[in-house]
Amino acid sequence: MQNECSSKEICVRCGGAHTTPNCDKPPKCINCNGEHPASNKDCPKRIENIKIITKVAKEKCSYKEARTEVKHEIKKQDIVHRPKTKSPLPKEHKEIEDLLVFIALLLKKLPAIKEENAQFIYITDLVKKVFGFEIQPQNLTKRFTELI
Ligand SMILES: [Zn+2]
Ligand SMILES: [Zn+2]
């Protein structure tokens, strides 16, 4: 009897018919089909089940009732949280920040610099400080007249 039981080992990692230490498959949750082991604390199905069981114990309702309510609550939470979950920031995030700082400094300082030449020198200095590369002020002057 005992032998029969241990031969029906279910892998916690992928749900396959082998022991977990021998598993070489990517994790797949048997509860929710997510890409994590069934033992994962953050498994949505596991969290849901804990909520249902807690509800049954607390409110003395049936399992079915509790499940319906918990599913309803989770759905509601999803809708509330969705607008807050922004897509992850791009890798160039830091560069965008630098660019904004650059523009802000430029706008703040430029009107105070009367001479055009001094403005270009200021810009090229700032580019070097913020972005770390060098531009010749005269190149900038040239491009500037080309563009405008
Ligand atoms: Zn496995
Ligand atoms: Zn899961």
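Residues numbered from 1 in each chain as written. Chains lettered and ligands numbered in written order. Predicted model: local features only at pLDDT ≥ 70, side-chain atom pairs only at ≥ 80, totals over all residues.

Topic: the overall build of the chain
Scanning the chain from terminus to terminus reveals six helices and zero strands. Helices and strands in the chain line up, N terminus first, as α-α-α-α-α-α. In the chain, buried positions account for 6% of the 148 residues. Within the chain, contacts between residues at least 6 apart in sequence are counted, and of these 12% link residues at least 24 apart. (Helix = DSSP H or I, 4+ residues; strand = E, 2+ residues; numbered from the N terminus. Buried ≥ 20, exposed ≤ 12 C-beta atoms within 10 Å, placed from the backbone. Contact = placed C-beta atoms within 7 Å.)

Remarks on unusual backbone geometry
Positive phi outside glycine occurs at asparagine 33, with the angle close to 65°. With respect to the helices and strands, asparagine 33 occurs in the loop between α1 (2-7) and α2 (44-59). One non-glycine residue, lysine 60, adopts positive backbone phi at about 55°. For lysine 60, the position within the fold is in the loop between α2 and α3 (63-81).

Considering the packing of helix α4 (residues 93-109) against helix α5 (residues 116-131)
Following both chains from N to C, one finds α4 and α5 inclined at 155°, their axes separated by 10 Å at the closest point. Classed by the angle they form, the pair α4 and α5 counts as roughly antiparallel. The handedness of the crossing between α4 and α5 is right-handed. Mapping the contact onto sequence places Asp98, Val101, Phe102, Leu105, Leu106 and Lys109 in α4 and Tyr122, Ile123, Leu126, Val130 and Phe131 in α5. In the contact of α4 with α5, the residues fall into nine nonpolar, no polar and two charged. (Axes fitted to C-alpha atoms, helices over the stretch in contact; angles between N-to-C directions. Parallel < 35°, antiparallel > 145°, perpendicular 65-115°, else oblique. Left-handed = near helix turned anticlockwise from the far one by under 90°. Nonpolar A, V, L, I, M, F, W, Y, C, P; charged D, E, K, R; others polar.)

Considering α4
In this model α4 runs 24 Å from its N-terminal to its C-terminal C-alpha over 17 residues, within 8% of the 24 Å that 1.5 Å per residue would give. With zero of 17 residues buried, α4 lies mostly on the surface of the structure. (Expected span 1.5 Å × (residues − 1).)

A word on the environment of aspartate 24
Along the chain, the position of aspartate 24 falls in the loop between α1 and α2. C-alpha of aspartate 24 to C-alpha of cysteine 14: the two residues are ten residues apart in sequence and 9.0 Å apart in space.

Considering the packing of α5 against helix α6 (residues 137-147)
Running from N to C, α5 and α6 cross one another at 110°; their axes reach a closest spacing of 9 Å. If you check the angle between α5 and α6, you find them roughly perpendicular. The chirality of how α5 crosses α6 is right-handed. Listed contacts from α6 to Phe120, Ile121, Ile123 and Thr124 of α5 are Pro137, Leu140 and Thr141. For the contact of α5 with α6, the residue count by class is five nonpolar, two polar and no charged.

Re the confidence of the model for the chain
The share of residues in the chain with pLDDT of 70 or more is 86%, and the mean pLDDT across the chain is 82. Least confident of the elements in the chain is α1, whose mean pLDDT is 51; most confident is α2, at 91. (pLDDT = per-residue confidence, 0-100.)

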